[in-house]
Amino acid sequence: MKNTINMNTYQADKNGYYGEFGGAYIPEILHRCVTELQNTYRSVIESEEFKAEFDQLLQDYVGRPSPLYLAKRLSEKYGCRIYLKREDLNHTGAHKINNTIGQILLARKMGKTRIIAETGAGQHGVATATVCALMDMECIVYMGKTDVERQHINVQKMKMLGATVVPVTSGNMTLKDATNEAIRDWCCNPANTYYIIGSTVGPHPYPDMVARLQSVIGAEIKKQLLVKEGRDYPDYLIACVGGGSNAAGTIFHHLDDQRVKIVLAEAGGHGINSGESAATIQLGKVGILHGTKSLVMQSEDGQIEEPYSISAGLDYPGIGPMHANLAVTKRATILAVDDDEALAAAFELTRLEGIIPALESAHAIGALAKVNFQPTDVVVLTLSGRGDKDMDTFINAM
Ligand SMILES: *Cc1c(COP(=O)(O)O)cnc(C)c1O
């Protein structure tokens, strides 16, 4: 048993474990390049040279810091003070670009020349293709054939940016299958290829690395709260979870601060008991998926179950090991927000604040009604992305 009283227990240990979750479960052929990455990432991303270039690009290319906006009408409705962390205003429309910029700088530093990525809805694929154009690197994006057909505009964007999009026809032809294919490519080309994973999933060091790169969100929240509220911590941090990267970035600097309550919203789909859900933390059992030990949606005999959510970005049968540990240690409260609740929340935010959120982010908004706030509570909710990509779904719902 790991010591759960240790202050640092919510962060990864040196082998990439968060309590019982995490680690690196990889085929022998990847051993060398994963070990190389494990031995390199901290020293590179903590170097002055990296930080200077990363911070400059976050500022001038992404548009950071993203505003911390006091949403007055939303606050009035829920009886507390709600700030929105505006990741929707970033270049390419979501938080994903923070991570892809960081990882491509690392790839370049490691002398890699070829970038591969997996994508579901296409947001991570677009963010990866974007930084590959910026850094003049070859880019191959694996995407399930079903998603290629559903997410036509993002496919066209990736192609316009110069990426090769490979439709994957195995399994259900969605994100899980695209990830398998990207791992297969990596096994064939370990020497020159860098795999940019889009969330806090995959073998160590990815969950910790992605959390660190996204932790710019939480670092800005601290500074901005200090100015606006005179204290650098809120009473609540709220975020949606797919693989967990925007949530990890939001909570990173407050994980060990017990004054801060953490609420994570996962996708309930048609309801957690409907058989059509992506509420991985509540429905998952301990298992290994894509190189990490975590909670996984699986049948009695260990077959991965197909998740379902109205929101493509939350439609993943696994969850980051950090979040699995936060759930089992009860450091975080996990709420399932169903499709209809998320849709209603998206319309509510649009009409109250004039902000059309991504469907993923709307799950975080949908969680507000499930928490009992005090009037003095300061709440920071991360709006992970904008709703442009979800207009077809919104139009169908109107
Ligand atoms: C991809 C995506 C998510 C889910 O990914 P996390 O790694 O859990 O953050 C959430 N919101 C938006 C807008 C996304 O594009």
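Worth saying up front: this structure is predicted, and the values here are computed from it rather than measured.

Caption draft 1: Expanded view of the site of the ligand. As a matter of local geometry, the ligand sits amid 17 residues, with K96, S199, G242, S245 and S384 nearest to it. A distance of 2.7 Å is found between an oxygen atom of the ligand and a backbone nitrogen or oxygen belonging to G242. At 2.7 Å from an oxygen atom of the ligand is found a side-chain nitrogen or oxygen belonging to S245. If the ligand stood free it would expose 380 Å²; the protein chains cover 96% of that surface. Under a 2 Å grid-point criterion requiring more than half of the atoms, the pocket assigned to the ligand is the largest cavity. Tallied by class, residues from the shell around the ligand come to 4 nonpolar, 11 polar and 2 charged.

Caption draft 2: Looking closely at the sheet that holds strand β13 (residues 332-338). Ordered in space as β3-β4-β14-β9-β10-β13, the 6 strands form an open sheet in which the pairing is mixed. The sheet terminates laterally at β3 (68-70) and β13, the two strands that pair on one side only. Strand-to-strand twist across the sheet, computed as the mean angle between neighbouring axes with direction ignored, equals 25°. On top of the sheet, helix α14 (residues 339-353) reaches β3, β4 (81-86), β10 (261-269), β13 and β14 (378-383); it is set at about 95° to β13, its chief contact. Across the sheet, helix α15 (residues 359-367) lies against β4, β9 (236-240), β10, β13 and β14, angled at about 140° from β9, the strand it touches most.

Caption draft 3: The sheet that holds strand β8 (residues 193-195), seen in detail. A sheet is described by the order of its strands in space; here 4 strands give the open sequence β7-β6-β5-β8, paired in parallel fashion. Bordering the open sheet on either side are β7 (164-168) and β8, each of which pairs with just one other strand. When strand polarity is set aside, the average angle formed by the axes of neighbouring strands in this sheet is 25°.

Caption draft 4: How the structure looks around the layout of surface pockets. There is about 810 Å³ of room inside the largest pocket. Surrounding the largest pocket, 35 residues form its lining, A121, Q151, A312, K389 and D390 being those nearest its centre. Listed by contribution, the elements that provide at least two residues to the lining of the largest pocket are α5 (123-135), α6 (145-150), α7 (152-160), α8 (175-188), α15 and α16 (391-397). A total of 4 residues in the lining of the largest pocket trace back to one element, the largest contributor, which is α7.

Caption draft 5: Structural context of the side chain of S311. Within the fold, S311 resides in the loop between β12 (292-296) and α13 (321-328). Assessed through its relative accessible area of 1%, S311 is described here as buried. Among all residues touching S311, those that are not within four sequence positions of it are L359, E360 and H363.

Caption draft 6: Expanded view of the pattern of salt bridges. Scanning all chains against the criterion turns up 24 salt bridges. Between R86 and D88 there is a salt bridge, with the nearest N and O atoms lying 2.9 Å from each other. Both residues of the pair, R86 and D88, count as buried. Residues joined in a network through salt bridges with shared partners are R42, E46, D208 and R212.

Caption draft 7: Inspection of the packing of aromatic side chains at higher detail. As enumerated under the stated definition, the model contains 6 aromatic pairs in all. The interplanar angle of 70° and the centroid separation of 5.6 Å between the aromatic rings of W186 and Y195 together place this pair among those described as edge-to-face. For the residue pair W186 and Y195, the accessibility class agrees, reading buried in each case. Owing to a relative accessible area of 2%, Y195 belongs among the buried residues under this scheme. Clustering of aromatic rings is evident, with ring pairs tying together W186, Y195 and Y206. In this structure, R231 packs its charged tip against the face of Y233, placed 4.8 Å from the ring centre.

Caption draft 8: Geometry of α5. Between its terminal C-alpha atoms α5 stretches 19 Å, which fits the 18 Å expected from 13 residues at 1.5 Å a residue. For α5, a buried count of 11 out of 13 residues is recorded, marking the element as mostly surrounded by other parts of the structure. Considered for burial, the residues of α5 that qualify are Q123, H124, G125, V126, A127, T128, A129, T130, V131, C132 and M135. On its buried side, α5 packs onto α2 (48-62), α4 (96-109), β5 (114-119), β6 (138-144) and α7. Of the residues one or two after α5, D136 is the one with positive phi, at around 55°.

Caption draft 9: Region of interest: empty space enclosed by the protein. Following the criterion strictly, the structure yields 3 cavities of 30 Å³ or more and no others. Counted as a void, the largest cavity has a volume near 470 Å³. Every residue lining the largest cavity is counted, 40 residues in all, and those nearest its centre are K96, G198, S199, G243 and G313. Within the residue set of the lining of the largest cavity, elements represented by two or more residues are β5, α5, α8, α11 (245-251) and α15. Its residues assigned to classes, the lining of the largest cavity comprises 14 nonpolar, 21 polar and 5 charged. Taken as a whole, the second largest cavity holds about 50 Å³ of empty space. As for the second largest cavity, its lining consists of C33, E36, L37, M110, K112, W186, T193, Y194, Y195 and Y206.

Parameters at a glance
- Residues numbered from 1 in each chain as written.
- Predicted model: local features only at pLDDT ≥ 70, side-chain atom pairs only at ≥ 80, totals over all residues.
- Heavy atoms only, no water.
- Near = heavy atom within 4 Å.
- Polar contact = N/O pair within 3.5 Å; in protein donor to acceptor, adjacent residues only side chain to side chain.
- Areas by Shrake-Rupley, 256 points an atom, 1.4 Å probe, with all protein chains shown as cover.
- 1 Å grid on protein atoms, 1.4 Å probe; cavity = no way out; pocket = protein on both sides within 12 Å on 5 of 7 lines; lining within 4 Å.
- Sits in = over half its atoms within 2 Å of the grid points.
- Nonpolar A, V, L, I, M, F, W, Y, C, P; charged D, E, K, R; others polar.
- Pairing = 2+ DSSP bridges.
- Helix = DSSP H or I, 4+ residues; strand = E, 2+ residues; numbered from the N terminus.
- Axes fitted to C-alpha atoms, helices over the stretch in contact; angles between N-to-C directions.
- Contact = heavy atoms within 4.5 Å.
- Points joined across faces, edges and corners; volume = space filled by probe spheres on them.
- Buried < 20%, exposed > 50% of the residue type's maximum accessible area, 1.4 Å probe, protein only.
- Salt bridge = Lys/Arg side-chain N within 4 Å of Asp/Glu carboxyl O.
- Phe/Tyr/Trp six-rings, centres within 6.5 Å; stacked < 30°, edge-to-face > 60°.
- Lys NZ or Arg CZ within 6 Å of the ring centre and 35° of its normal.
- Expected span 1.5 Å × (residues − 1).

None of this, on its own, says anything about what the molecule does.
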